[in-house]
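# Inside the fold
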Amino acid sequence: VPLSSLRLFTPTKKIVVGGTLPVYILGQDDNINAYSFASALPFLDITWSVQGSTNGGSLKSSWNDAGLSLTSSNTGVAVFQGEQPGKATISVKARVTERLSQFQIVDHRLLTASIQITVVEDLHPRIPETCCSNHV
């Protein structure tokens, strides 16, 4: 089934500063997921970007801890890290790398999707000040 549209999915749309959030590409239905993109042949050129008032935040590979960086070949998952409070827009573009008679993407179009994430300050519990010092 050729792709006709893209969607981005995250488990939540709000994280704290320094928090991370996986971002998954889905196709026109939930059966076309990140695993489908990872196994596409020929490769799909998938470009991730992030913009917004969070000073951009950062996008990394889900394999970043193993030393692998975010690449454009079939990368159906990225990990967003919120660096400052604000809103960030994560976008993805997908295009075919080879035009074949069989379509991977309908009419070999460029497909795009985006999602907005809110990054908030971490909440710390506060102890209220009291007027009297004899409380136990």
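So, here is what we can say about the structure in this document. Treat the numbers as computed from the prediction; the structure is a model and nothing was measured.

## Regarding the overall build of the protein
Assigned secondary structure in the protein consists of 1 helix and 8 strands. Ordering the α and β elements of the protein from the N terminus gives β-β-β-α-β-β-β-β-β. Of all 136 residues assigned to the protein, the portion counted as buried reaches 36%. Of all intrachain contacts in the protein linking residues separated by at least 6 positions in sequence, the fraction that spans at least 24 positions is 67%.

## Concerning the sheet that holds strand β6 (residues 77-81)
Here we have 4 strands laid out as an open sheet, ordered β1-β3-β6-β5, and antiparallel in their pairing. In this open sheet, the two edge strands, each paired with only one partner strand, are β1 (7-9) and β5 (58-60). On average, each strand axis in the sheet is tilted by 30° relative to the strand beside it, whichever way the strands run.

## A short note on the environment of H108
Relative to the helices and strands, H108 resides in the loop between β7 (86-96) and β8 (111-120). Separated by 14 residues in the primary sequence, H108 and A94 place their C-alpha atoms 9.9 Å from one another.

## Brief notes about the pairing of β8
Both strand β2 (residues 14-16) and β8 contribute to a ladder of 3 bridges, which runs parallel. For V16, the partnering residue across the bridge sits in β8 and is V120.

## Overview of the nonpolar core
Core analysis: the biggest nonpolar cluster contains 26 residues, and L6, L8, W48, F80, I90 and V92 have the highest contact counts within it. Those elements that place two or more of their residues in this core are β3 (20-26), β4 (44-52), β6, β7 and β8.

## Some points on the sheet that holds β4
Adjacent strands of a sheet pair through backbone hydrogen bonds, lying either parallel or antiparallel. On the basis of which strands lie adjacent, the open sheet formed by 4 strands has the order β2-β8-β7-β4 and mixed pairing. The open sheet has two edge strands, β2 and β4, and neither has a second partner. Each strand axis lies, on average, 30° off the axis of its neighbour in the sheet, ignoring direction. Relative to β8, β7 runs antiparallel, the two sharing 9 bridges. Note on β8: the bridge partner recorded for S91 is S114.

Calculation criteria
Once a new chain begins, its residue numbering starts again from 1 and follows that chain's sequence as written. Totals for whole chains, interfaces and linings use all residues, but because this is a predicted model, local features are given only for residues with pLDDT of at least 70 and pairs of side-chain atoms are given and counted only at 80 or more. The side-chain numbers reported here are obtained from all heavy atoms of the structure, hydrogens and water having been left aside. Helix numbering and strand numbering both begin at the N terminus, where a helix is a DSSP run of H or I of at least 4 residues and a strand a DSSP run of E of at least 2. Using a 1.4 Å probe on the protein chains alone, a residue whose accessible area is under 20% of its type maximum counts as buried, one over 50% counts as exposed, and one in between counts as partly exposed. In this analysis, two residues are considered to be in contact whenever any of their non-hydrogen atoms come within 4.5 Å of each other. Only strands that DSSP links by at least two bridges are regarded as paired with each other. In this description, a line fitted to the C-alpha atoms serves as the axis of each element, helices being fitted only across the stretch in contact, and the angle between N-to-C directions of two axes falls anywhere from 0 to 180 degrees. We define the nonpolar core as a collection of buried residues of types Ala, Val, Leu, Ile, Met, Phe, Trp, Tyr and Cys that are connected through side-chain atoms lying within 4.5 Å of one another.

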